[in-house]
Amino acid sequence: MELGVNIDHVATLRNARGGIFPSPVHAAFVALEAGAFNITCHLREDRRHIKDEDVRLISSLTKRLNLEMAAEDDITKIALEIMPRSVTFVPERRQELTTEGGLNVLNDIKRYEEINKEFKSKNITVSAFIEPDLKQVEASKKGGFDFIEIHTGSYADTIRQKEKSVELERIKTAIDFASKIELKVNAGHGLDYKNIYSVALLDGIFEFNIGFSIISHSLFVGLGAAVKEMLKIIKSAEFSKLKDAASKNTGGD
Ligand code: PXP
């Protein structure tokens, strides 16, 4: 399992003073050096944090950019110019604080099929950020996506343990179905140092995309340490799964 680090909030801090510090490009290199697999940035229509120049530089210097974007013509044009490694389509509303809810691929399969063809012809991997809803998973396959990214917000936001288990089960069912129809799976939104472990114990997730908790924690421990700490939890869940599988194969501990 891999970790993609969303660095939008580094840009939020930079923009607070309108200067060039702290630099999202610098943050990208620190996160990658600490073991992140991808750098995720959301180029929003209102450019409230990440700017065009940030994604241009991060894509060309690191070759590890996962660009979150709305499926709009102007952003698509920019994305095809800067050639990120992957794009993740997300719904976008101007007033929202962060991405609320998943994409409705089901309503727009043909449109995504067209856009995805264009990206895939340039070897850019395409992913759909969707709720753990089987109809949306199936629509994502029909729309030609390589990946889905499961929105873990409902799981993360739920406080009561019983409801959390229900949300986790929804995520598991969506992952199992996606794997069955040969869609690769990422997951993200609202994941933090406490709630990641249970999700990381599920089989079939390729990458977690995590931003807010890592950037917040980095204020106290530094970005490299915050990334490593998150990776350690993900890897310990992975290790626990391997140990379980090994003990099943050998018939005991
Ligand atoms: N994945 C997607 C598609 C997102 O839109 C976001 C938020 O920008 C994240 C992951 C990361 O969410 P968080 O900042 O809550 O970790």
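Worth saying up front: this structure is predicted, and the values here are computed from it rather than measured.

Colleague: Help me out: how do you make sense of the nonpolar core in this one?
Modeller: Leu3, Phe89, Phe119, Phe208, Ile214 and Val227 are the most contacted members of the largest nonpolar core, which has 73 residues in total. Here the element with the most residues in this core is helix H11 (residues 223-250); it accounts for eight residues. Setting aside residues up to four positions removed in sequence, Ile214 forms contacts with Leu3, Val5, Tyr193, Leu223, Ala226, Val227 and Met230.

Colleague: Hey, could you run me through the packing of aromatic side chains in this one?
Modeller: Given two aromatic rings, one states the distance between the centres and the angle between the planes to describe the pair. Scanning all chains against the criterion turns up six aromatic pairs. Plain terms: the ring middles of Phe37 and Phe206 are 5.6 Å apart, the flat faces sit at 80° to each other, and that makes the pair edge-to-face. With Phe37 in the loop between helix H2 (24-33) and strand S2 (38-42) and Phe206 in the loop between helix H9 (196-200) and strand S8 (207-210), this residue pair connects regions lying 169 residues apart in the sequence. Looking at Phe206, the relative accessible area reads 35%, which means it is partly exposed. Taken together, the ring pairs in this structure connect Phe89, Tyr112, Phe119 and Phe145 into an aromatic cluster. The ring centre of Phe37 lies 4.8 Å from the NZ or CZ of Arg64, which sits over that ring. The aromatic ring of Tyr155 is capped on one face by Lys164, whose charged end is 4.7 Å from the ring centroid.

Colleague: Explanation requested: the layout of surface pockets in the structure shown.
Modeller: When its volume is computed, the second largest pocket comes out at roughly 390 Å³. Taken together, 17 residues line the second largest pocket, and the ones lying closest to its centre are Val10, Leu13, Pro22, Ile215 and Ser218. Contributing elements (two or more residues each) for the lining of the second largest pocket: helix H1 (8-17), H2 and helix H10 (212-221). For the lining of the second largest pocket, the leading source of residues is H10, giving five residues. Counted by class, the lining of the second largest pocket contains ten nonpolar, seven polar and no charged residues.

Colleague: Honestly, the sheet that holds strand S1 (residues 2-6) in this entry has me stumped. Any pointers?
Modeller: Spatial ordering of the closed barrel is given by S1-S2-S3-S4-S5-S6-S7-S8, a layout of eight strands whose pairing is parallel. Neighbour to neighbour, the strand axes of the sheet diverge by 25° on average, direction disregarded. Contacts from helix H8 (residues 161-180) reach strand S6 (147-151) and strand S7 (184-188), with the element oriented near 175° to S6.

Colleague: Hey, could you run me through the pattern of salt bridges in this one?
Modeller: Two side chains bearing opposite charge may form a pair once their charged atoms approach each other closely. Per the counting criterion, the structure on display carries twelve salt bridges. Close ionic contact of Glu163 with Arg160 constitutes a salt bridge, the shortest N to O distance being 3.3 Å. Judged by its relative accessible area of 37%, Glu163 falls in the partly exposed class.

Colleague: What exactly am I supposed to notice about the side chain of Asp146 here?
Modeller: Position of Asp146 relative to the elements: it lies in the loop between helix H6 (134-142) and S6. At a separation of 2.8 Å, a polar atom in the side chain of Asp146 contacts the main-chain amide nitrogen of Val126. Apart from residues lying up to four places away in sequence, Asp146 is in contact with Lys120, Ile124, Thr125, Val126, Leu183 and Lys184.

Colleague: Sorry if this is basic, but what is going on with H6 here?
Modeller: For the α-helix, the turn length of 3.6 residues means that residues three or four positions removed from each other point alike. Every buried residue belonging to H6 is among Gln136, Val137, Ala139 and Ser140, and all of these are buried. Buried residues in H6, looked at end-on, bunch into an arc of 165°, giving them a common side. Turned more than 90 degrees away from the buried face of H6 sit Lys135 and Lys142, all of them exposed. Those residues of H6 hidden inside the fold are in contact with helix H5 (109-121), strand S5 (125-130), S6 and H8.

Colleague: Would you take a moment to explain the pairing of S6 for this structure?
Modeller: The two faces of the sheet receive side chains in turn, since in a regular strand these alternate between them. Summarising burial for S6: five of the five residues are buried, a large majority. Of the two faces of S6, the one holding Phe147, Glu149 and His151 and the one holding Ile148 and Ile150 are both buried throughout. Note that S5 and S6 share four bridges and pair parallel. Its bridge partner being in S6, Ile130 is matched across the sheet by Ile150. Note on the crossover from S5 through H6 to S6: the handedness is right-handed. With five bridges connecting them, S6 and S7 associate as parallel partners. Across the sheet, the residue bridging to Ile150 is Ala187, located in S7.

Definitions and cut-offs
- Residues numbered from 1 in each chain as written.
- Predicted model: local features only at pLDDT ≥ 70, side-chain atom pairs only at ≥ 80, totals over all residues.
- Heavy atoms only, no water.
- Core = buried A, V, L, I, M, F, W, Y, C linked by side-chain atoms within 4.5 Å.
- Buried < 20%, exposed > 50% of the residue type's maximum accessible area, 1.4 Å probe, protein only.
- Helix = DSSP H or I, 4+ residues; strand = E, 2+ residues; numbered from the N terminus.
- Contact = heavy atoms within 4.5 Å.
- Phe/Tyr/Trp six-rings, centres within 6.5 Å; stacked < 30°, edge-to-face > 60°.
- Lys NZ or Arg CZ within 6 Å of the ring centre and 35° of its normal.
- 1 Å grid on protein atoms, 1.4 Å probe; cavity = no way out; pocket = protein on both sides within 12 Å on 5 of 7 lines; lining within 4 Å.
- Points joined across faces, edges and corners; volume = space filled by probe spheres on them.
- Nonpolar A, V, L, I, M, F, W, Y, C, P; charged D, E, K, R; others polar.
- Pairing = 2+ DSSP bridges.
- Axes fitted to C-alpha atoms, helices over the stretch in contact; angles between N-to-C directions.
- Salt bridge = Lys/Arg side-chain N within 4 Å of Asp/Glu carboxyl O.
- Polar contact = N/O pair within 3.5 Å; in protein donor to acceptor, adjacent residues only side chain to side chain.
- Arc of directions from axis to C-beta.
- Right-handed = clockwise from strand over helix to strand, strands pointing away.

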